[in-house]
Amino acid sequence: MFTKLVGWNSFTLAGVRAIFALLVLGLARGSFRVRPNRGMWLSAVGVTMTSLLFMSAARLTTAANAIVLQYTASIFVILYMLLFKKQRPLKSELVAAFFVMLGVCLCFAGGLEGGRLLGNILGLCSGVTFAMMFLANRYSGNDPLDNVYFGTLAGVPFALSACFDPHFSLSLPQLGCGVGLGVGLGLGYLFLALGARRGISPVASCIISNVEPVLNPIWVFLAVGENPGVYSIAGAAIVLLAVTLQSLYEIRRAARAKPEKQ
């Protein structure tokens, strides 16, 4: 919603958002210092590029398309595990992947109809970088909060774009949108990291996170009256349903496997 309301370019938006998100995460950590390692650098690429690509996509296509295409991250995680870890996906994952791609195709069809192809491509690219964030948390061995903190820190230099942004201003409404973007991002990352610390499974986190692509276009519709179109709504519904059902199946499968191990 704030992305649609503020007039700054995507780099300025990503940088200003990173500044205020960094304040939230730094206060939560109790420190603004960090010692980066390889895993944190991977997370930094994921966090900064996801932010920049999403901001750009949201400007060039509908909010619904931008957020749903970002949530194709699970497909890229499956591909990574298959190609580099030699871990074959489960049948349920393959079925879910098929329907996710079907939903993506419908989103693209809606984008072509409205002349929003570039925005859809950038949204799909944000799915790749979003997947990098999950992989960094899984394999780096770092605290998830440290990963997202350093990733957010790496995005702060984007704020220098404000010096060359003809639409940048420090008017109260514009600055309020920038603060809202940063605080929202910081709290989102903080709650996800705290959930991971407390042992919430990645599957459960995935299901809860699906609230975002549902509420995102609703808020934008209420704020600016943006209608994503029939194809995009249908595509979003298929993607969300496929991911949620696959996640629920994984929870049931894990619950059945637990007594057998005991």
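The structure under discussion appears in the preceding block.
Note that the structure is a prediction, hence the values are computed from the model and not measured.

A. How the structure looks around empty space enclosed by the protein. Considering all chains together, one arrives at one cavity of 30 Å³ or more under this definition. Taken as a whole, the largest cavity encloses approximately 60 Å³ of empty space. Contributing to the lining of the largest cavity are Ala14, Ala18, Val47, Thr48, Ser51, Gly151, Thr152, Gly155, Phe158 and Leu185. Secondary structure elements with two or more residues in the lining of the largest cavity: helix 2 (10–29), helix 3 (38–60) and helix 8 (144–155).

B. Local environment of the side chain of Ser126. Along the polypeptide, Ser126 turns up in helix 7 (residues 117–139). A relative accessible area of 0% means that Ser126 is categorised as buried.

C. Broad picture of the side chain of Thr129. Within the element layout of this structure, Thr129 appears in helix 7. For Thr129, a relative accessible area of 9% puts it in the buried group. Polar contacts involving the side chain of Thr129 include one to the main-chain carbonyl oxygen of Ser126, which spans 3.1 Å. Ignoring anything within four residues of it in the chain, the contact list for Thr129 reads Gly46, Met49, Thr50 and Leu53.

D. Looking closely at the layout of surface pockets. If you add up the space inside the second largest pocket, you get close to 210 Å³. Lining the second largest pocket are 13 residues; nearest its centre among them are Val214, Pro217, Ile218, Pro228 and Ile233. Elements that contribute at least two residues to the lining of the second largest pocket include exactly helix 11 (211–224) and helix 12 (230–261). Among the elements that line the lining of the second largest pocket, the one with the most residues is helix 11, at five residues.

Basis of the calculations
Residues numbered from 1 in each chain as written. Predicted model: local features only at pLDDT ≥ 70, side-chain atom pairs only at ≥ 80, totals over all residues. Heavy atoms only, no water. 1 Å grid on protein atoms, 1.4 Å probe; cavity = no way out; pocket = protein on both sides within 12 Å on 5 of 7 lines; lining within 4 Å. Points joined across faces, edges and corners; volume = space filled by probe spheres on them. Helix = DSSP H or I, 4+ residues; strand = E, 2+ residues; numbered from the N terminus. Buried < 20%, exposed > 50% of the residue type's maximum accessible area, 1.4 Å probe, protein only. Polar contact = N/O pair within 3.5 Å; in protein donor to acceptor, adjacent residues only side chain to side chain. Contact = heavy atoms within 4.5 Å.

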